[in-house]
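# Analysis of the macromolecular model
Residue-level listing of the chains:
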Amino acid sequence: MTAACAADEMTAVAAARRSRDGDVCFVGIGLPRLGANLARATHAPQCVLVYESGTTGAKPTELLLSIGDGELAETADTVVSVPEMFAYWLQGGRIDVGFLGAAQIDRHANLNNTVIGDYGKPRVRLPGGGAPEIATS
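The shown structure was predicted, so the numbers you read here are calculated from the model rather than taken from an experiment.

Below, the discussion takes up the confidence of the model for the chain. When pLDDT drops low, the exact placement of atoms in the prediction is not to be read closely. On average, residues of the chain score 85 in pLDDT, and 92% of them are at 70 or above. By mean pLDDT, the top-scoring element of the chain is strand β4 (residues 78–79) (94), and the lowest-scoring one is helix α5 (residues 131–136) (68).

Here you go:
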């Protein structure tokens with residue numbers, strides 16, 4: 001008998017398989033944190049998790065609800081400002097793999113993390129974030 005898996009669970013497994021032990025992994029908001037932490041908990045225990053919130057080398061003991069959870073700072077090797085994290089880690093080319101979430105992804109891998117609908121009067125306003133910088137790096 002085969003257990004059924006939800007699409008988000010399969011996505012997290014596929015993302016986790018992209019990490020290798022020792023990789024520096026950028027972790028975004030939402031589902032990406034599941035894939036990154038799955039990799040660290042299974043086949044890549046030495047991967048370094050760099051969270052969008054500025055924590056580097058965090059080693060959470062459970063799956064946290066937010067990238068702003070205090071346990072990330074408590075277990076991190078270092079905590080830096082968000083601008084420093086983007087400038088040094090992302091723009092500096094120090095990331096091996098990035099885990100991103102998006103509301104929409106088109107066939108060209110363009111991400112929408114800003115709005116759904118008209119930008120001036122959207123049906124849904126999304127959190128935005130660093131996806132453009134992460135994707136280009």
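Once you've had a look at it, read on.
Attention now moves to the nonpolar core. Nonpolar side chains tend to gather and get buried jointly when the protein is soluble and globular. Cys-25, Leu-49 and Tyr-51 are the most contacted members of the largest nonpolar core, which totals 16 residues. Contributions of two or more residues to this core are made by β1 (24–27), α2 (31–41), β2 (48–51) and β5 (97–99). In contact with Leu-49, not counting residues within four places along its chain, are Cys-25, Val-27, Ala-36, Asn-37, Arg-40, Thr-55, Thr-56, Gly-57 and Ala-58. Ranked by size, the runner-up nonpolar core spans ten residues in total, among them Val-24, Val-50, Val-80 and Ile-134.

There is about 320 Å³ of room inside the largest pocket. What lines the largest pocket is a set of 17 residues, and nearest its centre among them are Pro-32, Gly-98, Phe-99, Leu-100 and Gly-101. Elements represented by at least two residues in the lining of the largest pocket include exactly α1 (7–16), α2 and β5. A breakdown of the residues in the lining of the largest pocket according to their chemical character gives twelve nonpolar, four polar and one charged.

What counts, and where the lines are drawn
Residues numbered from 1 in each chain as written. Predicted model: local features only at pLDDT ≥ 70, side-chain atom pairs only at ≥ 80, totals over all residues. Heavy atoms only, no water. pLDDT = per-residue confidence, 0-100. Helix = DSSP H or I, 4+ residues; strand = E, 2+ residues; numbered from the N terminus. Core = buried A, V, L, I, M, F, W, Y, C linked by side-chain atoms within 4.5 Å. Buried < 20%, exposed > 50% of the residue type's maximum accessible area, 1.4 Å probe, protein only. Contact = heavy atoms within 4.5 Å. 1 Å grid on protein atoms, 1.4 Å probe; cavity = no way out; pocket = protein on both sides within 12 Å on 5 of 7 lines; lining within 4 Å. Points joined across faces, edges and corners; volume = space filled by probe spheres on them. Nonpolar A, V, L, I, M, F, W, Y, C, P; charged D, E, K, R; others polar.

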